[in-house]
Amino acid sequence: LIDDGLTLRGLRAGDRPAIASILAAVGVFRPEEIAIGLELVDETVNPGPSTDYRWVVAERLGALVGFACFGPVPLTDATYDLYWLAVAPAEQGRGVASRLEAAAAEAAAAAASGGRWLLAETSSMDGYAAARTFYEKFGYVQVGRIEDFYRVGDHKITYGKRLDRRRGE
Ligand SMILES: CC(C)(COP(=O)(O)OP(=O)(O)OC[C@H]1O[C@@H](n2cnc3c(N)ncnc32)[C@H](O)[C@@H]1OP(=O)(O)O)[C@@H](O)C(=O)NCCC(=O)NCCS
């Protein structure tokens, strides 16, 4: 194990400003998407009866450098959604997202229900090329595509990874 000073932990209420600044700094999310991301923080901190969002936050030298938010998909017994994955621009390309994704996948797989799928929805736009390459590298396959989903010319691409099987099984 390489000690690169990166630590992983759960969400704290005080993380909201750092999460807001990462969501804005990565440059791919529209303002309304950033607002939804922050709503997930608020709902996690003040959960309603059916709230079930889980977070993995990465810190280096006490600074929040990335996060993943995931949770069980309602009305499924063991399917999980990776709702958000983002890393501060200055920290990208150093394996932070791979650590976050691995922790989320491990937690989903270890859930009482035994996670079966981990899904990640992304966009076909150029800004998401890093995300698409990332998912493909880490064992996700394209399981869905809806043309013009977000906007005309901006398709939804759903990546999925089985958590209950080895690849190719
Ligand atoms: C996608 C994202 C989370 C990756 O974070 P990261 O910490 O830089 O990723 P890692 O360093 O763990 O990268 C692991 C692998 O992903 C791929 N990857 C990451 N960034 C890439 C880029 N800019 N271009 C191409 N491939 C990339 C590579 O295969 C990389 O492996 P390598 O370093 O051995 O080449 C980050 O670019 C990001 O925050 N993007 C904006 C938000 C976003 O698109 N989120 C996901 C969709 S909601």
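Each remark here, short or long, concerns the structure printed above.
All figures in this text were calculated on a predicted structure; none of them were measured in a lab.

### Notes on the overall build of the chain
Of the regular secondary structure elements, the chain holds four helices and seven strands. Along the chain direction, N to C, the helices and strands of the chain fall in the order β-α-α-β-β-β-α-β-α-β-β. The C-alpha radius of gyration of the chain comes to 16 Å, within 12% of the 15 Å expected for a compact globule of 169 residues. Counting only C-alpha atoms, the chain reaches 40 × 40 × 40 Å along its principal axes. Each of the 169 residues in the chain was classed as buried or not, and the buried ones make up 41%.

### Points about the side chain of glutamate 101
One can find glutamate 101 in helix α3 (residues 96–109). Non-local contacts of glutamate 101, meaning those with residues more than four positions away in its chain, are made with Leu82, Leu118, Phe134, Phe138, Tyr140 and Lys161.

### Notes on the site of the ligand
Taken together, 21 residues sit near the ligand, with Leu85, Val87, Gly93, Gly95 and Lys137 positioned nearest. Here an oxygen atom of the ligand and a backbone polar atom of valine 87 are 2.9 Å apart. In the environment of the ligand, an oxygen atom lies 2.9 Å from a nitrogen or oxygen atom belonging to the backbone of serine 98. When the ligand is considered free in solution it has 910 Å² of accessible area, and contact with the protein chains removes 74% of it. Taken together, the elements giving at least two residues each to the shell around the ligand come down to β4 (79–87), α3 and α4 (129–137). Sort the elements by how many residues they give to the shell around the ligand and α4 lands first, with six residues. The residue inventory of the shell around the ligand, partitioned by class, reads 14 nonpolar, five polar and two charged.

### With respect to helix α2 (residues 31–45)
The end-to-end C-alpha distance of α2, which contains 15 residues, comes to 21 Å, matching closely the 21 Å that a straight helix rising 1.5 Å per residue would cover. Looking only at α2, the buried set comprises Glu33, Ile34, Gly37, Leu38, Leu40 and Val41. The buried residues of α2 occupy one face: seen down the axis, they fall within an arc of 145 degrees. Among the structural elements, α1 (16–25), β2 (54–60), β3 (63–72) and β4 are those in contact with the buried residues of α2.

### Details of the sheet that holds strand β1 (residues 6–9)
The mixed open sheet is built from seven strands, whose spatial order is β1-β2-β3-β4-β5-β7-β6. The two strands at the open ends of the sheet, each matched to only one other strand, are β1 and β6 (141–151). Each neighbouring strand pair of the sheet contributes to a mean axis angle of 25 degrees, computed without reference to strand direction. Pairing of β2 with β3 involves seven bridges; the strand directions are antiparallel. Residue pairing in the sheet places alanine 58 in a bridge with glycine 66 of β3. Strand contacts of α2: β2, β3, β4 and β6, with the helix running at about 115 degrees to β4, the strand carrying the most contacts.

### Notes on the nonpolar core
The tendency in soluble globular proteins is for nonpolar side chains to be buried side by side. The biggest cluster of nonpolar side chains holds 25 residues, and the ones touching the most others in it are Leu82, Leu85, Val96, Leu100, Leu118, Tyr135 and Tyr140. The residues contacting tyrosine 140, other than those within four sequence positions of it, are Leu82, Glu101, Leu118, Ala120, Tyr135, Tyr159, Gly160 and Lys161. Core analysis: the second largest hydrophobic core is formed by 17 residues, Ile34, Leu40, Cys69 and Ala88 among them.

Here is what the cut-offs are and how they apply
Residues numbered from 1 in each chain as written. Predicted model: local features only at pLDDT ≥ 70, side-chain atom pairs only at ≥ 80, totals over all residues. Heavy atoms only, no water. Helix = DSSP H or I, 4+ residues; strand = E, 2+ residues; numbered from the N terminus. Rg over C-alpha atoms; globule rule 2.2 N^0.38 Å. Buried < 20%, exposed > 50% of the residue type's maximum accessible area, 1.4 Å probe, protein only. Contact = heavy atoms within 4.5 Å. Near = heavy atom within 4 Å. Polar contact = N/O pair within 3.5 Å; in protein donor to acceptor, adjacent residues only side chain to side chain. Areas by Shrake-Rupley, 256 points an atom, 1.4 Å probe, with all protein chains shown as cover. Nonpolar A, V, L, I, M, F, W, Y, C, P; charged D, E, K, R; others polar. Expected span 1.5 Å × (residues − 1). Arc of directions from axis to C-beta. Pairing = 2+ DSSP bridges. Axes fitted to C-alpha atoms, helices over the stretch in contact; angles between N-to-C directions. Core = buried A, V, L, I, M, F, W, Y, C linked by side-chain atoms within 4.5 Å.

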